[in-house]
Amino acid sequence: MLKKNLRMPGSDDGVVSNEPKRRVSIITDPVMESRMGGHDNFGFEPNAKRKISQQSHHSEEGPVRRKSNLHNANLDSSSVNSYDQRTNGDVNRSKKHSFSEALAKINQEHEESQQHAHLEQSWIYSLCMRCRVEYSTPSWEPPGWQKVCPYPLCPSFRQFARILSIVLIGVLLWVTAYVIIGDSAAPGGQLFQLVVLTVAANFGGFLISLTTLPRLIGMLLVGLLFQNVGWVNLDGDFTKVTAELRKIALVIILTRAGLEMDPHAFKKVYVTILKLGLIPWTCEFVLIGVLTHFLLDLPWMWSMMLGSIIAAVSPAVVVPCLFRLRTKGYGVAKGIPTLIIAVAGIDDAASVAVFGIISSIMFTKQGLAFQIAQAPVCVFGGLGFGVFWGALCKYIPEKGDAYVVPIRTLMLFGGGLLAVFGSEKVHFEGAGPLAVVFAAFTSSYFWCGDGWDLEDNPVSTAFEIFWMIFEPILFGITGASIKIRELDPHIVSIGVGCIYVCIIVRIAVTVAIAFGDKLNVKEKVFVAISWMSKATVQAALGPVALKAVTSQQRSAEEVHYAELVKNFCILSIILSAPLGALLISVSGSKLLTKTKPILEPPEGWRRSHRPSLHDISIIDEEEEREDIEGIADEDTAANTQANAQTTSVFTVTKF
């Protein structure tokens, strides 16, 4: 080995080092280079014209040596041993992995990446990822959980623990009910059948949700299957229980609709909301009544009652579909998803109020004066009680109370139950549902004034939990009320034609009256399509007339009319809900303008951010285009700056 005397940098002029020259190392150390002046071997003369690959990390001023791509691919902090400092200032060189070890490591990593890529492309991986629930907060797991339940083929421990806790709670409730009630809760009893139907409907809804369709479709089909196979029998005296469960579900539906409405947004676009909410609803309501009167020979009162139910839009179908589009940025600039939700709430309130007034007139045994007083008493009585109870929920409990959230939830829920069941008791059924909506609307107005955010209202979270319980009950028993063998094919064919004709007419009317709302033609078509789905109100109100007729022991002809109304409502759910969900999901990306997403995942216990009225802003397309162009200019400037920085770095490191 060639030896040469070197003058060490920073040393005195008279001091010469006789340390032998070292070989140029493949591995460089920034700390060592800074101490040694940037040169790995001071006996090797620098050659500025010598070229090396871009993978090299040598300094431009020092000696250079080409390093292989293989080395750079495996060069990391874990594969390089740290340097040890000697007491006399000398440094030991790190030990390098042999070429065979590096090659084996590369082959192992390549095989693992190939296996992972193959797993990601399999249908099992896709199915597991759709079933698996991801959480925004870290989850604790028992030791060895990943070995027993590997990711992503098995659920996380948090998801498993949640499902297990729900199952245990259900078992405890069933055992308690069996001890108290007896045979009805035993296997084979009607209460036991209802519990089994609810669990199966929930599972069926979960399976359907994997296809991006609404959960209620699976719940409805499970109920239909159980009834026609003979696995469930909810007739007889048990119909009283199912009728009361429907009313409780109706209270939850209407309360959630009232809590989603923002009064401040109504001040800005109340004309658009009322116009798009009431005019298409009125057209469909009248058209259903006329068609069923002449085609199905229904009396005018029965046909108008049916029209008031069918004309309602289903938030249970619309909200999940619009939420997926909203998270991707479609229609956000003009607030289209939230506008649709707002109009759906107005639509449902109108349907329930009109249905209550008509049913009160039809099934009351009072005189003519009492029937004439139904409409004004139901409207003003419902509004008055709703505003009073909503204002009461502002002051009771006091807003600083530690238990303000559960008490407000129980106050609102109890007031809704009182309104619905109490109005039925005094024979003013139309006032109750209207009072529920306005009680929730008024209380939300006061709570938002006290500092609660409309999007993160904890009372809304509680009612979402209530709906998770009652949704499979409602749609399970609704599907179980259909007996296919008893359906008349002629009536079914007429019903299918009437439903689709009314849907097409409503879409055309909505597009026609949406002038002056600063929506282009594609957006008008999408808004009209989104209001074609029927589900929640039809499931809750469809069997009400049949229950009233059977309880009052009316004639067989009226029983036939009531069964026709119920079957027509269920048929509308089956025909419109899946189709509406598919059209919203498919046409949203083609008819709406996409902007950058504005939503972030919720944290902790807070409710998922659903579309609400608080961000409605119907703006001009020119303003939207300017915003998009401004964002594009900012992105272009940022990319230009990043490219300039990258160019400067390459210029410095160029050899």
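Residues numbered from 1 in each chain as written. Predicted model: local features only at pLDDT ≥ 70, side-chain atom pairs only at ≥ 80, totals over all residues. Heavy atoms only, no water.

Student: Explanation requested: the overall build of the protein chain in the structure shown.
Tutor: Each helix and strand counted, the protein chain has 24 helices and 0 strands in total. Counting over 655 residues, the protein chain shows a buried share of 45%. Across the protein chain, every contact between residues at least 6 apart in sequence was considered, and the portion connecting residues at least 24 apart equals 74%. (Helix = DSSP H or I, 4+ residues; strand = E, 2+ residues; numbered from the N terminus. Buried < 20%, exposed > 50% of the residue type's maximum accessible area, 1.4 Å probe, protein only. Contact = heavy atoms within 4.5 Å.)

Student: How should the packing of aromatic side chains be read in this particular structure?
Tutor: Each aromatic ring pair is characterised by the separation of its centres together with the angle its planes make. Applying the stated criterion across every chain yields a total of 15 aromatic pairs. Ring geometry for Phe 413 against Phe 463: centres 6.0 Å apart, planes inclined by 75 degrees, an arrangement best described as edge-to-face. One end of the pair, Phe 413, is in helix α16 (residues 404–425); the other, Phe 463, is in helix α18 (residues 458–480), and 50 residues separate them in sequence. Ring centres of Trp 467 and Phe 475 lie 6.4 Å apart, and the angle between their planes is 80 degrees; on these two criteria the pair is classed as edge-to-face. A network of ring pairs unites the aromatic residues Trp 174, Tyr 178 and Phe 192 as a single cluster. Here the guanidinium or amino end of Lys 394 rests over the ring plane of Tyr 395, the centre of that ring lying 5.2 Å away. In this structure, Arg 408 packs its charged tip against the face of Trp 452, placed 4.7 Å from the ring centre. (Phe/Tyr/Trp six-rings, centres within 6.5 Å; stacked < 30°, edge-to-face > 60°. Lys NZ or Arg CZ within 6 Å of the ring centre and 35° of its normal.)

Student: Is there a simple way to explain the nonpolar core in this structure?
Tutor: Within soluble globular proteins, side chains that are nonpolar generally end up buried alongside one another. Membership of the largest hydrophobic core comes to 122 residues, with the highest contact counts inside it found for Leu 216, Trp 302, Met 305, Leu 412 and Phe 526. When residues no more than four places from it in sequence are discounted, the contact partners of Leu 412 are Thr 255, Leu 259, Trp 389, Cys 393, Ala 439, Ala 440, Ser 443, Trp 447, Val 459 and Phe 463. (Core = buried A, V, L, I, M, F, W, Y, C linked by side-chain atoms within 4.5 Å.)

Student: What is the right way to look at the packing of helix α19 (residues 489–513) against helix α23 (residues 556–591) in this model?
Tutor: Helix packing geometry: the angle between the two helix axes and the distance between the axes. It is the contact of α19 with α23, at a shortest axis distance of 10 Å, that shows an interaxial angle of 55 degrees. Comparing their axes, α23 and α19 come out oblique. In this structure, the crossing between α19 and α23 has a hand that is right-handed. Listed contacts from α23 to Ile 491, Val 492, Gly 495, Val 496, Cys 498, Ile 499, Tyr 500 and Ile 503 of α19 are Leu 564, Phe 568, Leu 571, Ser 572, Leu 575, Ser 576 and Leu 579. (Axes fitted to C-alpha atoms, helices over the stretch in contact; angles between N-to-C directions. Parallel < 35°, antiparallel > 145°, perpendicular 65-115°, else oblique. Left-handed = near helix turned anticlockwise from the far one by under 90°.)

Student: Honestly, α23 in this entry has me stumped. Any pointers?
Tutor: Given 3.6 residues to a turn, an α-helix orients residues that are three or four positions apart in the same direction. The terminal C-alpha atoms of α23, which comprises 36 residues, lie 49 Å apart, in line with the 52 Å expected from a rise of 1.5 Å per residue. Its maximal kink placed at Ser 576, α23 deviates by approximately 25 degrees, while the proline Pro 578 follows within four residues. (Expected span 1.5 Å × (residues − 1). Bend = angle between axes of the 7 residues up to and from the residue.)

Student: Is there a simple way to explain the environment of Leu 221 in this structure?
Tutor: Along the chain, the position of Leu 221 falls in helix α8 (residues 215–229). The class of Leu 221 is partly exposed, set by a relative accessible area of 44%. A C-alpha to C-alpha distance of 8.8 Å links Leu 221 and Phe 475, two positions 254 residues apart in sequence.

Student: Can you help me understand the side chain of Ser 351 in this one?
Tutor: Within the secondary structure, Ser 351 is located in helix α13 (residues 336–363). For Ser 351, a relative accessible area of 0% puts it in the buried group. Those residues in contact with Ser 351 that lie beyond four places of it in its chain are Trp 281, Ser 308, Ala 311 and Ala 312.

Student: It is not clear to me how the side chain of Ser 576 should be interpreted in this structure. Could you clarify?
Tutor: Summarising the element assignment, Ser 576 is placed in helix α23. Within the local environment of Ser 576, its side chain forms a polar contact with the backbone oxygen of Ser 572, the two atoms lying 2.5 Å apart. Excluding residues that lie within four positions of it along the chain, Ser 576 makes contacts with Ile 503, Met 532, Ser 533 and Lys 534. (Polar contact = N/O pair within 3.5 Å; in protein donor to acceptor, adjacent residues only side chain to side chain.)

Student: Please clarify how unusual backbone geometry should be interpreted in this entry.
Tutor: Negative phi is the rule for most residues except glycine; trans is the rule for most peptide bonds. Cis rather than trans, the peptide bond between Ile 396 and Pro 397 has omega equal to 0 degrees. Examined against the element boundaries, Pro 397 turns out to sit in the loop between α15 (374–395) and α16. Although it is not a glycine, Asp 297 adopts a positive phi angle of roughly 60 degrees. Relative to the helices and strands, Asp 297 is located in the loop between α10 (263–295) and α11 (300–310).

Student: Sorry if this is basic, but what is going on with the confidence of the model for the protein chain here?
Tutor: Residues shown with low pLDDT carry predicted positions that ought not to be read at fine detail. Per-residue confidence for the protein chain averages 74 on the pLDDT scale, and 70% of its residues sit at or above 70. Mean pLDDT in the protein chain bottoms out at helix α2 (residues 69–74), which sits at 41, and peaks at α11, which reaches 93. Predicted confidence is poor over residues 644–655, with pLDDT under 50, and the contacts of this stretch with residues over four places away or in other chains come to 8 contacts. (pLDDT = per-residue confidence, 0-100.)

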